[in-house]
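A closer look at the structure
Here is how the chains run, residue by residue.
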Amino acid sequence: MTQEQNQVAPTRLRGEQVIRTIVREHQGLWRIIDLMDLLEQDMNINAALPDELLFGAIFDYIQHFSNRVHSQPTEIRLYQLLKEKSAESIPLLEKLEKGYVIGHEKLQELRQLLKDCMIHWPDGREAFGHGLSRFSAALRKHIKKEEGVVIPRARDLLTDEDWDSILSARDQQDDPLFGDRVREEFRDLRHKIISLTPERLGGLGLAHTGRVTAHHEGQEMLSIKNLVTSYGQIEVLHDVDISINAGEIVSLVGANGAGKSTLLMTISGLQPMDKGQMQFNGEDLAKVAADKRVGKGIVQVPEGRQVFKDMTVYDNLLLGAYTRGKSTEIQDDIERVYSKFPILRQKRYNLAGELSGGQQQMLAMGRALMARPRLLLLDEPSMGLAPLIIEEIFEIVRELKDEGMTIFLVEQNASQALALADRGYVLETGQVVLQGTGKELLSNEKVREAYLGM
Ligand SMILES: Nc1ncnc2c1ncn2[C@@H]1O[C@H](COP(=O)(O)OP(=O)(O)O)[C@@H](O)[C@H]1O
Ligand SMILES: [Mg+2]
């Protein structure tokens, strides 16, 4: 290359410099398309729920191209100049320009299909998969046309002056496709994709729960309105309103018998509701059976750590993944649970009944994590445990939140639960009597008196 560079005229060299930039961007994009295909296969073969965060990063990357171009497709300097020089290229170039605009729309459709796929798993898988294949095929075709037709023609027809003008558009950063700043942004986006891609697919496999994408953060995940639940004739929950946003820890405190467990069981579908509305990510839960709710990511750790005492720790964990297809991913997840709770690795061949109370609580939580929760419902995880173990359990809850999980924490241990929470609710005899941020509730007189013994 160096030798060749020495032989060509300086302006020509600049032409090649432009082409190299374009080709490099194409290669980057091509690798991302390959990755999309791999992820799609993974989803079909392993029946693995798509990684929302990773797909989100990929779509962001591609959208970066399309955002740049979509509002101003005629601004691509190379296209402009080539149109002037070669009338026969105009139909193709216009088609490619239109491709950018259509690509932009298709990308929004893909994001929606992904969202539907997450909510209606596994029913939405096929539509999302098809969307992905169509999209990657179209992108590949686009790149091939640019490389196979546009660039050779540009090489033949553009003058030194033309290349200069393209190059200066690039350097002044006003080229929508490969201005300097644009490329800088691409680099960051690509880095994010590589970090999130699992190791077996050639990425860095950065550990993350991957259930909550950045654009979901802060959005309402669970909405409960006017909920009434009864046991036979006895109404236990009266017009309960609760809302949980993605990424939050929300604590529910209240005395024994207030209806906390009943509320959790109503959310997970183990207890029917009499009246009211419950929505999870915008979907009406009334029509969703309990086992289907687990598939959607609503996973409960019941009160009193109900592990299968005459089964091994390992088998208990495996059972947690029962709603998911068999796959190597399940082993990966077991490893992830072990790294969160090292004691479970150590005791993996012990019967669950041989574990201490704290260890059983960890097993119950580990088993819930195997179902890959998006909303984790924890029913009094600290009950009956020693202070040090309680601290350990709450520390893990905090870690899960940091990884993006949304947590609804039910506790009688109000001080610690509220200290940990973003927001909290106080339930008294089946009614929400107070709500606020964790801090607000901790400093509330009534709460201090009734629940903190101060
Ligand atoms: N299976 C059941 N059948 C009848 N009543 C129940 C049942 N479970 C709970 N209850 C009653 O419902 C009320 C709320 O119970 P629960 O939700 O377990 O409260 P908490 O979890 O806040 O201690 C209590 O009065 C309790 O006696
Ligand atoms: Mg309870």
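Residues numbered from 1 in each chain as written. Chains lettered and ligands numbered in written order. Predicted model: local features only at pLDDT ≥ 70, side-chain atom pairs only at ≥ 80, totals over all residues. Heavy atoms only, no water.

Stated formally: UniProt positions are given in the numbering used here, feature names are shortened, and annotations may be inferred rather than shown by experiment.
If you look the chain up in an unreviewed UniProt entry, it shows as ABC transporter domain-containing protein from Marinospirillum insulare. In its Sequence similarities (unreviewed entry) section, the UniProt entry covering the chain states "Belongs to the ABC transporter superfamily."

A word on the packing of helix H4 (residues 77-85) against helix H6 (residues 125-157)
We apply this condition: Axis lines are fitted to C-alpha atoms, over the contacting stretch for helices. Their N-to-C directions set the angle, which ranges from 0 to 180 degrees. Working definition: helices are DSSP H or I runs of at least four residues, strands are E runs of at least two. Numbering for both runs from the N terminus. Here the word oblique covers every angle except those under 35 degrees (roughly parallel), over 145 (roughly antiparallel) and from 65 to 115 (roughly perpendicular). Put simply, a crossing is left-handed when the front helix is turned counterclockwise from the back one by less than a right angle, and right-handed when it is turned clockwise. Whether two residues touch is decided by their heavy atoms; if any such pair falls within 4.5 Å, the residues are in contact.
Relative to each other, H4 and H6 sit at 55 degrees, their axes nearing to 10 Å. Judged by the angle between their axes, H4 and H6 are oblique. H4 and H6 meet at a crossing whose hand is left-handed. Between H4 and H6, the contacting residues are Leu 78, Tyr 79, Leu 82 and Lys 85 on the first element and His 142, Glu 146, Val 150, Arg 153, Ala 154 and Leu 157 on the second.

Observations regarding the coordination of the magnesium ion (ligand 2)
Under the convention used in this document: Coordinating donors are taken as N, O and S atoms within 2.8 Å of the metal, stretched to 3.2 Å for Na, K and Ca; because water is absent from the atoms, sites can appear incomplete. Exposure is judged per residue with a 1.4 Å probe applied to protein chains only, and the accessible area is read against the type maximum: over 50% gives exposed, under 20% gives buried, and values in between give partly exposed.
The magnesium ion (ligand 2) binds to the protein through Ser 261 (OG) and Glu 303 (OE), with metal-donor distances spanning 2.0 Å. One end of the pair, Ser 261, is in helix H9 (residues 260-268); the other, Glu 303, is in the loop between strand E6 (298-301) and helix H11 (313-320), with 42 residues separating them in the sequence. Given the relative accessible area of 31%, Glu 303 is considered partly exposed.

Here's the deal with the site of ligand 1
In plain terms, the rule: Any residue with a heavy atom lying within 4 Å of a molecule or strand is counted as near it. Two N or O atoms count as a polar contact when they lie within 3.5 Å, although within protein this holds only if one can serve as hydrogen donor and the other as acceptor, and sequence-adjacent residues are included solely when both atoms are side-chain atoms. Note on areas: Shrake-Rupley, 1.4 Å probe, and residue coverage restricted to the protein chains presented here.
With respect to spatial proximity, the complete set of residues near ligand 1 consists of Tyr 231, Val 236, Ala 255, Asn 256, Gly 257, Ala 258, Gly 259, Lys 260, Ser 261 and Thr 262. Asn 256 is positioned such that a nitrogen or oxygen atom in its side chain is 3.2 Å from an oxygen atom of ligand 1. Contact distances for ligand 1 include 3.2 Å between an oxygen atom and a backbone N or O atom of Ala 258. Considering ligand 1 on its own, with 560 Å² of exposed area, one finds that the protein chains cover 56% of that surface.

Some thoughts on the pattern of salt bridges
Our working definition: Salt bridges, as used here, are contacts in which a Lys or Arg side-chain nitrogen is within 4 Å of a carboxyl oxygen on Asp or Glu.
One pass over the structure, following the stated rule, counts 19 salt bridges. As a salt-bridge pair, Arg 155 and Glu 16 come within 3.0 Å of each other at their nearest N and O atoms. With Arg 155 in helix H6 and Glu 16 in helix H2 (residues 10-45), the pair connects residues that are 139 residues apart, well separated along the chain. By relative accessible area, Arg 155 is classed as partly exposed at 35%. Residue Lys 340 is joined to Glu 403 by a salt bridge in which the shortest nitrogen-to-oxygen separation is 2.8 Å. Taken as a pair, Lys 340 in helix H12 (residues 328-340) and Glu 403 in the loop between helix H15 (387-402) and strand E8 (406-411) lie far apart in primary sequence, 63 residues in all.

Brief notes about the packing of aromatic side chains
Basically, it comes down to this: Working definition: a ring pair exists when centres of Phe, Tyr or Trp rings (six-membered ring for Trp) sit within 6.5 Å. Plane angles under 30 degrees give stacked, over 60 give edge-to-face, the rest tilted.
The final tally for this structure, using the stated rule, is two aromatic pairs. Considering the side-chain rings of Phe 55 and Phe 59, the 5.9 Å spacing of their centres and the 40 degrees angle between planes classify their relative orientation as tilted. Here Phe 55 and its partner Phe 59 are both found in helix H3 (residues 52-70), four residues apart, which amounts to about one turn of the helix. Taking relative accessible area as the criterion, Phe 55 reaches 1% and is therefore assigned buried. Phe 59 sits in the buried class, given a relative accessible area of 0%. Judged by centre distance (5.1 Å) and plane angle (75 degrees), the ring pair of Phe 55 and Phe 128 falls under edge-to-face.

Re the sheet that holds E8
Put simply, the rule reads: Note on pairing: DSSP must find at least two bridges between two strands before they are called paired.
Strand order in this open sheet of six strands is E6-E7-E8-E3-E9-E10, and the pairing throughout is mixed. Unpaired on one side and paired on the other, E6 and strand E10 (431-437) mark the two borders of the sheet. When the angles between neighbouring strand axes are averaged without regard to direction, this sheet yields 15 degrees. The sheet contact formed by strand E7 (residues 375-379) and E8 spans five bridges and is parallel.

Some points on the sheet that holds strand E4 (residues 275-280)
With antiparallel pairing, the four strands of this open sheet are ordered in space as E2-E1-E4-E5. Of all strands in the sheet, those bounded by a partner on one side alone are strand E2 (234-245) and strand E5 (283-284). Pairing of strand E1 (residues 220-231) with E4 involves five bridges; the strand directions are antiparallel. Paired with Leu 222 across the two strands is Phe 280, which belongs to E4. Across the sheet, H9 touches E1, E2 and E4, and the angle it forms with E1 is around 115 degrees.

Structural notes on the packing of H12 against helix H14 (residues 357-370)
The relative placement of two packed helices comes down to the angle between their axes together with the axis-to-axis distance. Where we set the bar: Gly is put with the polar residues, along with every residue not named as nonpolar or charged; the nonpolar set is Ala, Val, Leu, Ile, Met, Phe, Trp, Tyr, Cys and Pro, and the charged set is Asp, Glu, Lys and Arg.
Running from amino to carboxyl end, H12 crosses H14 at an angle of 150 degrees, the nearest separation of the two axes being 10 Å. The hand of the H12/H14 crossing is right-handed. The residues of H14 that touch H12, namely those facing Ile 330, Asp 333, Ile 334, Val 337 and Lys 340, are Gly 366, Leu 369 and Met 370. The residue makeup of the contact of H12 with H14, split by class, is five nonpolar, one polar and two charged.

Some points on the pairing of E2
As judged from the eight bridges shared by E1 and E2, these two strands associate in the antiparallel manner. Its bridge partner being in E2, Leu 227 is matched across the sheet by Val 240. Two successive antiparallel strands, E1 and E2, enclose a turn made up of two residues, where Gly 232 displays a positive phi of approximately 60 degrees.

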